[in-house]
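Tertiary structure, described
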Amino acid sequence: MKNKNFTNLVQLLMALSGVSGASHAVAQSSITLYGILDEFVGYQSAKVGGKSTSLYALGNNGELTSRWGLRGNEDLGAGYKTTFALESGFDPGTGKQQNAYRLFDRQAWVRVSAPYGEMRFGRQNTPMFAMSGYLDAFSAATYGSGYNNFANWLARVDNDISYLSPKLANTQLELHYSVGGQPGTLAGNAVYQAAVQTTQGPVYVALAYLNAANAANSVRVQEIMAGGSYTYGPGKVYVAFFRGSDVISATTGNALSNPAGKYDPTIGPVGNMAGNYHSTWSFSADYKFTPSLSVGAGYAFTKDSSSLNNNGHQMSAILNYDVSVRTRVYAVASRLNNYNSAQFKMTGASITTGSYLTPGGGQSETAVQMGIRHLF
């Protein structure tokens, strides 16, 4: 009798596990580990403190920021899916985290997607950061990107809620609201963003807007990015524009670059005054001689509308050679000129301190960079 009861119990458990297995089979899930390692040898020369100074550096993050990440998704069926992304920057030269104050400094969000679009919640890349690489032959990185060196758009936002529309006629709309966390107001310390991008044959066009308020909602920084590219055979030409209502006084920098992740325009190395803007234009092109070998060149300039007149321009060239699908070597040569008290400098995707020089006010800078980038 006992054996019969035990047999019935086993059969019941097996049946239940079969039902459970069938339900889980509908919702397929996966997790991917990915990453980038980018190291370079660089040389920079400029006058610092009135003295001619040279820097030889073994640096990282020249073309892309070194990182590792986890990306997972679960298919819920009927066109619905959940996805998450956790991404952490690091210094491959030392093995340290890029930002010691947080583990997942680059991305940490969860997404629910449906046939009518997707919603994301958490720390996210801004549309400007995502679009900038498509508007520049230097991918908005390396010593050579005047667009990156002059413009300084906000790259990421904490506590961000976003909506991305489905692609209609190869066009997508993006809306963001970052929760400010200030009692009694939805606007204090909040960040608003809107963007649209479209691809029509060989033409790519992008437009993005950002509006960020301080905690009291008394001061705002506004940024606009616009540009596009045109592909012809093995070549591509790019044009890009950026304008920010933050006046760069004596150094490159952005009032929104608070490392704690909350963006208060009243704090930082930059002033904010109604009617004053810093505008950057970039013109560049690249050409593929073979599927593996490409060269590019570009010119960028920035104009300070304030009485400081802290302007600059830069000319650069780049060579990329893809050793394989995952590994690339690159070389860059560049010349940057500052005017008046401007101190723009050549950086990369996210170069750590010690891998670049900050010229003296109004001083020029020359640089050469050779690096290797590997994806996994």
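Report on the accompanying structure. Everything numeric in this text was worked out from a predicted model, so none of it was measured. (Residues numbered from 1 in each chain as written. Predicted model: local features only at pLDDT ≥ 70, side-chain atom pairs only at ≥ 80, totals over all residues. Heavy atoms only, no water.)

**A word on the side chain of Asn61**
Note the following rule: By the criteria applied, helices consist of DSSP H or I runs no shorter than four residues and strands consist of E runs no shorter than two, each listed in order from the N terminus. Under this definition, polar contacts are N or O atom pairs within 3.5 Å; protein pairs additionally need one hydrogen-donor-capable and one acceptor-capable atom, and for neighbouring residues in sequence, both atoms have to be side-chain atoms. Here, residues are in contact when the closest pair of their heavy atoms is within 4.5 Å.
Topologically, Asn61 is positioned in the loop between strand 2 (51–60) and strand 3 (67–77). Here Asn60 takes part through its side chain, which lies 2.7 Å from a polar atom of the side chain of Asn61. Apart from residues no more than four positions distant in its own chain, Asn61 is found in contact with Asp38, Phe40, Ser66, Phe90, Gln98, Gly348, Ala349, Ser350 and Ile351.

**With respect to the pairing of strand 9 (residues 191–200)**
Here is the rule we go by: When DSSP locates at least two bridges between a pair of strands, those strands are taken to pair.
Alignment of strand 8 (residues 171–178) against strand 9, held across eight bridges, turns out to be antiparallel. Residue pairing for strand 9: Glu174 is matched across the bridge by Ala195. Here ten bridges tie strand 9 to strand 10 (residues 203–213), and the two strands are oriented antiparallel to one another. The residue of strand 10 that forms the bridge with Gln200 is Val203.

**Details of the packing of aromatic side chains**
Operational definition: The rule is short: rings of Phe, Tyr and Trp, with Trp giving its six-membered ring, pair when the centres are within 6.5 Å, and they are stacked under 30 degrees, edge-to-face over 60, tilted in between. Burial here depends on accessible area, computed with a 1.4 Å probe over protein chains only, as a share of the maximum for the residue type. Under 20% is buried, over 50% is exposed, and the range in between is partly exposed. Only when the NZ atom of a Lys or the CZ atom of an Arg is both within 6 Å of the ring centre and within 35 degrees of the ring normal do we say a charge sits over the ring.
Inspection of every chain in the model, using the stated rule, returns twelve aromatic pairs. Here the aromatic rings of Trp281 and Phe283 are separated by 6.1 Å at their centres, their planes lie at 5°, and the arrangement is stacked. Given the relative accessible area of 34%, Trp281 is considered partly exposed. Positioned above the aromatic ring of Phe129 is the side chain of Arg156, whose terminal nitrogen or guanidinium carbon lies 4.7 Å from the ring centre. Taking NZ or CZ as reference, Arg243 lies 3.8 Å from the ring centre of Tyr277, over its face.

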